Structure formats: C-alpha cells, structure tokens
Amino acid sequence: MFAQSITVRLCAEGAQAEADGRLSAAIDLYALAWAAAQSDVDACTAAHYMARCQTEGQARLCWCSEALRLAADLPDEIRSALLPSLHVNAAAAYEDTGNSAAAQWHYAQAAALGLTHDARDGTRRSRLRTLKS
C-alpha cells in the first residue's frame, strides 16, 4: 500500500476546509503542509495549495512562482502531471496583478500541456483538453 506523506494529507484536509468555506483553517493546514514538506514534491504541492487560497494577487504570484521553481527539479513524470495546473494558477495570479502578457504566456504553456482555460463567462474555469477538442 502507498504511504501518503503528511504534506499530502494536510493539503487534502486543507482542500476540504476550503470546500467547506473555512479559508482560515485551509491556510493554516497548507502552512503546516509547507513546514512539514520533506521533499521537493511535497514542497511543490504545498506551495501550489498555498497559492490557491491567497486573496492578494502578489502573494498568490509568489506562491505560484515557488511551486513552478520547485517543479523544475522534479522527475519528468511528476513534473508533467503538475505543470498544467501550476501554469493555470500562475496565469490567474498574473491576471490578478495586471500582467496580461505573462498571464497569456502561462495559459499558453498550460494549453500546450493539455489544460485549457475557459473564461467565456468571466470566471476562471479550466478543463482538460480531450482528443476530440
């Protein structure tokens, strides 16, 4: 059986808190996950989740940048699984800070990796591109 790291467990608990509308609890759990990280995979995961719950664009961008930096040194299989979502989050953070050129670059990177951004209704929604699309 696969042993789940404490970082992954804390991020899962944080995601549940986020879904329940308990943003403060989610942030606390993600901060604990960041502190508990024992590998670059753990740290990248925790940074990715920390970015998701930041309310200020610059803080979100800092966590997104950290997650992308950490992802660069991960094994190819893990990196390729994480990068699409990391790029979409970075793009959204760049939008929040008013840097549309950087946002478009990150959206293009995500799309090239199979994750497209759909903002037709003004909200951020992403979907995996299927072979039919």
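Definitions and cut-offs
- In every chain, residue numbers begin from 1 and rise along the written sequence.
- Only residues with pLDDT of 70 or above have their local features reported here, since the model is predicted, and side-chain atom pairs are shown and tallied only from 80 upward, although totals for entire chains, interfaces and linings are computed over all residues.
- Excluded from the side-chain calculation are hydrogens and water; included are all heavy atoms of the structure.
- Think of a nonpolar core as a cluster: buried Ala, Val, Leu, Ile, Met, Phe, Trp, Tyr and Cys residues, connected wherever their side-chain atoms sit within 4.5 Å.
- Using a 1.4 Å probe on the protein chains alone, a residue whose accessible area is under 20% of its type maximum counts as buried, one over 50% counts as exposed, and one in between counts as partly exposed.
- To qualify as a helix, a DSSP run of H or I must reach at least 4 residues; to qualify as a strand, a run of E must reach at least 2; elements of each kind are numbered from the N terminus.
- Contact between two residues is taken to exist if any of their heavy atoms lie within 4.5 Å; hydrogens are not considered.
- Stacked, tilted and edge-to-face are the three classes assigned to paired rings of Phe, Tyr and Trp, where Trp is represented by its six-membered ring and a pair needs centres within 6.5 Å; plane angles under 30 degrees give stacked, over 60 edge-to-face, the rest tilted.

## Quick notes on the nonpolar core
Next up, step 1: Within the largest apolar cluster, 35 residues are counted, with the highest numbers of intra-cluster contacts made by Tyr30, Cys44, Ala71, Leu86 and Tyr107.
Next up, step 2: Of all the secondary structure elements, the ones that give two or more residues to this core are helix 1 (6–19), helix 2 (23–36), helix 3 (40–52), helix 4 (57–71), helix 5 (76–96) and helix 6 (100–112).
Next up, step 3: Considering every element that reaches this core, the biggest residue donor is helix 5, with eight residues.
Next up, step 4: Contact partners of Ala71, with chain neighbours within four places excluded, come to Cys44, Arg79, Leu83 and Leu86.

## Some thoughts on the packing of aromatic side chains
Next up, step 1: Under the counting rule described, the total for this entry stands at two aromatic pairs.
Next up, step 2: Centre to centre, the rings of Tyr30 and Tyr49 are 5.3 Å apart; their planes meet at 40 degrees, and the pair counts as tilted. Within this pair, whereas Tyr30 is found in helix 2, its partner Tyr49 is found in helix 3, the two being separated by 19 residues in sequence.
Next up, step 3: Residue classification places Tyr30 among the buried positions, given a relative accessible area of 0%.
Next up, step 4: Between Trp34 and Trp63 the ring centres are 5.0 Å apart and the planes differ by 85 degrees, which places this aromatic pair in the edge-to-face class. Here Trp63 lies in helix 4 and Trp34 lies in helix 2, a separation of 29 residues in the sequence.
Next up, step 5: The exposure class of Trp34 is partly exposed, given its relative accessible area of 31%.

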